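The primary structure of each chain is shown beneath.
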Amino acid sequence: MKKTAEIVVIGGGVIGTSIAYFLSKRGKKVVLVEREDLASGSSGACDIDIILQSKNPGIHLKLAMASAELYKGLSRELDFDIEYENTGGMILIEDEEQLKVMKEFVKKQKAIGLQVELLDLKEALKLQRGLAPHLVGATYSPQDAHVNPIRLCFGFARAAAKFGAEIYLDTAVVDIKVEKGRVKSVVTNRGEIETGMVINAAGVFAPMVCNLVGISVPIKPRRGQIIVTEPVPKLVMGDVLCAKYIVAKYNPKLLEGSDDPETRLGVGLSLSQTRNGNILIGGCREFVGYNWSTTYEALTTILKHATRLVPALKEIHAIRSFAGLRPYTPDGLPLLGPVEDIEGFIMATGHEGDGIALSPITGKIISDIILDGKTFIDMAPLSLGRFGNMEKIKTVS
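Thresholds, definitions, all that
- Residues numbered from 1 in each chain as written.
- Predicted model: local features only at pLDDT ≥ 70, side-chain atom pairs only at ≥ 80, totals over all residues.
- Heavy atoms only, no water.
- Pairing = 2+ DSSP bridges.
- Helix = DSSP H or I, 4+ residues; strand = E, 2+ residues; numbered from the N terminus.
- Axes fitted to C-alpha atoms, helices over the stretch in contact; angles between N-to-C directions.
- Contact = heavy atoms within 4.5 Å.
- 1 Å grid on protein atoms, 1.4 Å probe; cavity = no way out; pocket = protein on both sides within 12 Å on 5 of 7 lines; lining within 4 Å.
- Points joined across faces, edges and corners; volume = space filled by probe spheres on them.
- Nonpolar A, V, L, I, M, F, W, Y, C, P; charged D, E, K, R; others polar.
- Buried < 20%, exposed > 50% of the residue type's maximum accessible area, 1.4 Å probe, protein only.
- Phe/Tyr/Trp six-rings, centres within 6.5 Å; stacked < 30°, edge-to-face > 60°.
- Parallel < 35°, antiparallel > 145°, perpendicular 65-115°, else oblique.
- Left-handed = near helix turned anticlockwise from the far one by under 90°.

Caption draft 1: Broad picture of the sheet that holds strand β13 (residues 220-229). Taken together, the eight strands give an open sheet; going across it, the order is β5-β6-β4-β14-β15-β16-β13-β17, and neighbouring strands pair in mixed fashion. Taken across any chain shown, the strands that pair with only one partner, and hence form the sheet edges, are β5 (117-120) and β17 (318-328). Geometrically, the sheet is characterised by an average inter-axis angle of 25° between neighbouring strands, direction not taken into account. Of the strands in this sheet, β4 (89-93), β13, β14 (239-242) and β15 (270-273) touch helix α8 (residues 243-250), which is tilted by about 70° from β14.

Now the structure itself:
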C-alpha cells in the first residue's frame, strides 16, 4: 500500500467518501482507509431520506439546504446514478399540542428560506393516501428528496478514484503518530502511511480514532431499527415523518424512564418507498452501545405506531428488518473542522441521522477549510471546542 499521502481519510461511509471526492477533485493526493468495505457501517444501514424539514431552524437547516443544492446536480457530476429524486415530504401531526409545536417550527424554518407549509388533513390526503382520520394535519415541503445511500457512497468513491484518490479496504487504523503537536503518520494493519493530515470520518467509531491522538469526544452510538416490506405499487408520496419523530430526535432526556414503549424507544414514524417498491418503515432512537441487533419489542412498537398513523400499511407484508447506529452528539450538530492543539487532525463526524443529507456539504466544507482556510459558514458552532477542553486520555509525544 502507499507509504505517503498528503491527506489520509479514515472511514468509507458517505462522509469519508464525500471528503475524498471533494479533496481529490481539487488536486489533493488522498488516501482513504476503511476497516471493512464501503458503506459497511451506518451508510449501509439507514433509510433513503434527504429531509430538510426535520432539521432544527438555524445552522442545522442552513447546512441541509446548502447540501440539497449540491444534490441537484450530483448524479451528473459523479457520472453515476445515485437514484436521487426530489420527492417532497411531510410530517404528520396527531393532536393540537403537536400542532402548536409544529406551527412554531415551520415559522422559524420559513424565516430561513425553507419552502414549507401547514396542511389540514383534507389537504394532506391529496398528497398521501391512507392516512388515519384522527390526524389533525401535516407539514409539507417540496424540497425533501430521496437518494440510494449505498450508491451514493460508491459514487463518491468511484469519482474520487478517477481524480487519483487511493482507497484501501479491509484496512484498520491501529495508531496515529503525533510529534510535537503535529500528525506524522497513520499506522494500519497493512503498513504505515506518512502524512501531515488525518480526517476522522469514522462515524460511530470516531471516538476510537480520537483516542489514538489522546482526546475524547462526546459521540455515542444511537441505534435505529427499520422494517422492509415486500415490493408494492406506489403508496408513499415521498418522505413521511411524524411530529413525534422530531421530539425523539432533539429531546433524548424526555425518553428516559418512560413506561410507554413508544416514548422509551424514541419511536417516531419514518416512511419512504424505494424505486423497487419496498417500503422502509422506521424508526427508533436507542442508546444501547455498539449493538446492531434488531429487537422484537422495537420492531413491533414501530409497526404499531406506523399503522396507527397510516392504516393502509396493515395489508402489506414485512420481509426483513435491520438496524444501524447513528453517531449522536449532545447538541445534535456534527463535529467538523480542525482540532485545537493537534495540527493536521480534522474532525468530520457526529452527524447522527443526518449523514446522508449532509454528506455533500460536509465534503465541500472540509475541502474548503483545507484548501482555502475558510468556508461559507461559521465553524465555531461545529468545532470540537464548543464542548470545552476535552480530557486527554493518553500522553502524546
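Caption draft 2: Region of the structure containing the layout of surface pockets. One number sums up the size of the second largest pocket: a volume of about 450 Å³. Looking at the lining of the second largest pocket element by element, the count peaks at three residues for β17. Residue composition of the lining of the second largest pocket, grouped by class: ten nonpolar, nine polar and five charged.

Caption draft 3: Local environment of the environment of Pro330. The topology assignment puts Pro330 in the loop between β17 and β18 (335-338). You can call Pro330 partly exposed: its relative accessible area is 48%. Taking the C-alpha atoms as reference, Pro330 lies 7.0 Å from Pro218; in sequence the two are 112 residues apart. Once you skip the residues sitting within four places of it in the chain, Pro330 turns out to touch Pro218 and Phe387.

Caption draft 4: Representation of the packing of aromatic side chains in the model. A complete count under the given rule lists eight aromatic pairs for this structure. Seen from their ring centres, Phe205 and Trp292 are 6.0 Å apart, and the 25° between their planes marks the pair as stacked. Pair noted here: Phe205 is in the loop between β12 (198-200) and α7 (206-211) and Trp292 is in the loop between β16 (279-282) and α10 (296-309), with a separation of 87 residues, a long-range link. With relative accessibility at 22%, the residue Phe205 sits in the partly exposed group.

Caption draft 5: Representation of the packing of helix α6 (residues 149-162) against helix α11 (residues 355-372) within the structure. Orientation of α6 relative to α11, taken along the N-to-C sense of each, is 20°, at an axis distance of 11 Å. Judged on the interaxial angle alone, α11 and α6 are roughly parallel. The two elements α6 and α11 cross, and the hand of that crossing is left-handed. Between α6, through Pro149, Leu152 and Phe156, and α11, the contact on the second element is made entirely by Ile356, Ser359 and Pro360. A breakdown of the residues in the contact of α6 with α11 according to their chemical character gives five nonpolar, one polar and no charged.

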